[in-house]
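Chain and residue survey
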Amino acid sequence: MKNILVSDIIEVTGGRLIYGDEDTICQDFSKDTRTIKKGDIYIGIKGESFDGNLFYEDAVKKGAKVCILQGIPDKDIIKYDNVSIIKVEDTIIALQKIATYKRSLYNIPVIAITGSVGKTSTKDIIASVVSKKYKVLKTQGNLNNQIGAPLTVLNLRDHTAMVIELGMNQFNEISNLTKIVKPDIAIITNIGTAHIGNLGSKENILKAKLEILEGLKIGGTVVLNNDDELLHSWALKNEKKYKIVTYAMEEESDYKAKNIKIGEDRSYFYFGEEKIIVPIGGRHFIYNALCAMAVGKILGIKQKDINSGIEEFELSKRRMDISVIRNDVTIINDAYNANYDSMRAALEYLGNVKDKRKIAVLGGMLELGDFSRELHEKVGIEVYKNKIDILVVVGGLAQSIKEKVLLLNKQKKVVNVYSTGNNDDATEVLEKVIKKGDVVLFKASNMMRFEEIIAKISNKS
């Protein structure tokens, strides 16, 4: 365990101790007064619509022993016994500086993952493999942004490896994060269309993802999906500049899956003589397993342990989270985020379900800018191509999905289409159309709150 003191925080942030003890040990950091625990270090984060600094008294009352604040005049800060208050210019920048310092205390392998689709599921399966040899700290859920990733680093205790997810929606965001985490292994899963409205093109998305290399340690390894056209081209041009390891299902690569069998609830493939069992169906999970195998080999993990790590891994919630409710209805909750590539993968998975009626409940995709209509229509093509029986679209953005399916239905009707404006309307439709044995996919951006629909239809008697 590498301890950080109040004095260390003051030094690395350039902050001021308003009052308190410089020798106080700072271990557990929190930005949320709702979940803060006794002994935690509270960081007041100022957002667009709230200011966490204003709630430091709540944090202290719940047991915070140190508060890191910005913006509150010294004279207005209340003094509490056995509490330290540090003032900094910007708490988010301070958080990142503290995380950078914490990372510098650990000489352990760090695996950092970015990409347009599959970061979280790839993180989960890699962590499962790496845990066969190391005590692993991994990103919880989707805490991969400028606040979440530093908070993950600050959770380092007696860990001997870290698997961390790095997200972005603009240039320079991954650049900042990778310099904090300083990965030994940098992974890019793919280059898709997420955030294309902000960045303008897939080529710019590639540039933003490649920022992960700015923090890569000397002698570190880049792991890439070689079936991704842009990553494949980049690897060919840079094979002498970086130590690159590739994985694929189609292109010749360092780790290539062969004799692939993709099922509804599990898949398998062969790598040499090894049969690798993946406990979740879907083509994209084959890629995740190949990536995890590559990481395992780089870290010297035995093949049998790699195999069991892949077979035993579990997904973070709301990512292909499969459950069975009343009347043998299967729910696939993949409603944490949505972009064209993840929509396509989820619909392909649903389309491969045999002998059951298939229902897709789809919401809109965000941050697509001028590409929004085109990409929503492409989702409609995937709905039709995968022969989904019933489509329920929710909200305004998803209407282009509906319109494309209706147009394709004129050639040959394949999909029954329902258009709804909100979650209540969608729930009402689903309660009428769902029958025994159906499979229902929920896919949308997190802000659509599709868990509300799932809860209602699951609890209906």
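Quick note: structure is the one above.
Everything quoted here is computed from the prediction, not taken from an experiment.

1. Let's talk about the sheet that holds strand β7 (residues 84-87)
Judged by pairing direction, the sheet is mixed, and its five strands sit side by side in the order β2-β7-β6-β5-β4 without closing on themselves. The open sheet is flanked by β2 (16-19) and β4 (29-30), the only strands paired with a single partner. In terms of strand pairing, strand β5 (residues 41-43) meets strand β6 (residues 66-69) through three bridges, oriented parallel. Directly across from I41, in β6, lies its bridge partner V66. With respect to the sheet, helix α1 (residues 6-13) is in contact with β2, β4, β6 and β7, its orientation differing from that of β7 by roughly 5°. Against the sheet, helix α3 (residues 91-104) touches β4, β5 and β6, its axis set at about 125° to β6.

2. Structural notes on the environment of G219
Here G219 lies in the loop between α8 (202-210) and β12 (221-225). Once the C-alpha coordinates of G219 and K243 are considered, the two residues, 24 residues apart in sequence, prove to be 7.4 Å apart.

3. A word on the pattern of salt bridges
Counted according to the given criterion, the structure contains 27 salt bridges. For D184, the salt bridge goes to R103, with nearest N and O atoms at 3.9 Å. In this pair, D184 is assigned in the loop between α6 (173-181) and β11 (185-188) and R103 in helix α3, connecting sequence segments 81 residues apart. Through salt bridges with shared partners, a single network forms among K123, D124, K138 and E165.

4. A short note on unusual backbone geometry
Within the chain, K387 stands out as a residue other than glycine whose phi angle is a positive 55°. Positive phi values are uncommon outside glycine, yet R449 reaches one of about 55°. Looking at where R449 falls in the secondary structure, it is placed in the loop between β23 (439-443) and α16 (451-459). Classification of R449 by relative accessible area gives partly exposed; the value is 44%.

5. Comments concerning the sheet that holds strand β16 (residues 267-271)
With respect to topology, three strands assemble into an open sheet ordered β15-β16-β17, the strand pairing being antiparallel. Whereas interior strands pair on both sides, the edge strands pair on one side only; in this sheet they are β15 (258-262) and β17 (274-278). Each strand of the sheet is rotated relative to its neighbour by a mean of 15°, with strand direction disregarded. The pairing of β15 with β16 spans three bridges and is antiparallel. By the bridge assignment for β16, K258 is matched with Y270. Where helix α10 (residues 283-298) meets the sheet, its contacts fall on β15, β16 and β17, and the angle it forms with β16 comes to roughly 40°.

6. Focus on the pairing of β11
Across the two faces of β11 the burial is the same, with I185 and I187 and A186 and I188 all buried. Inspection of the sheet shows strand β8 (residues 110-114) paired to β11 by four bridges, in the parallel sense. Counterpart to A112 in the pairing with β11 is A186. Bridge count for β11 against β12 is four bridges, and the pairing is parallel. From the neighbouring strand, A186 faces β12, where its bridge partner is V222.

The rules we used
Residues numbered from 1 in each chain as written. Predicted model: local features only at pLDDT ≥ 70, side-chain atom pairs only at ≥ 80, totals over all residues. Heavy atoms only, no water. Pairing = 2+ DSSP bridges. Helix = DSSP H or I, 4+ residues; strand = E, 2+ residues; numbered from the N terminus. Contact = heavy atoms within 4.5 Å. Axes fitted to C-alpha atoms, helices over the stretch in contact; angles between N-to-C directions. Salt bridge = Lys/Arg side-chain N within 4 Å of Asp/Glu carboxyl O. Buried < 20%, exposed > 50% of the residue type's maximum accessible area, 1.4 Å probe, protein only.

Note that every value here comes from positions in space, so none of it alone points to a role or purpose.
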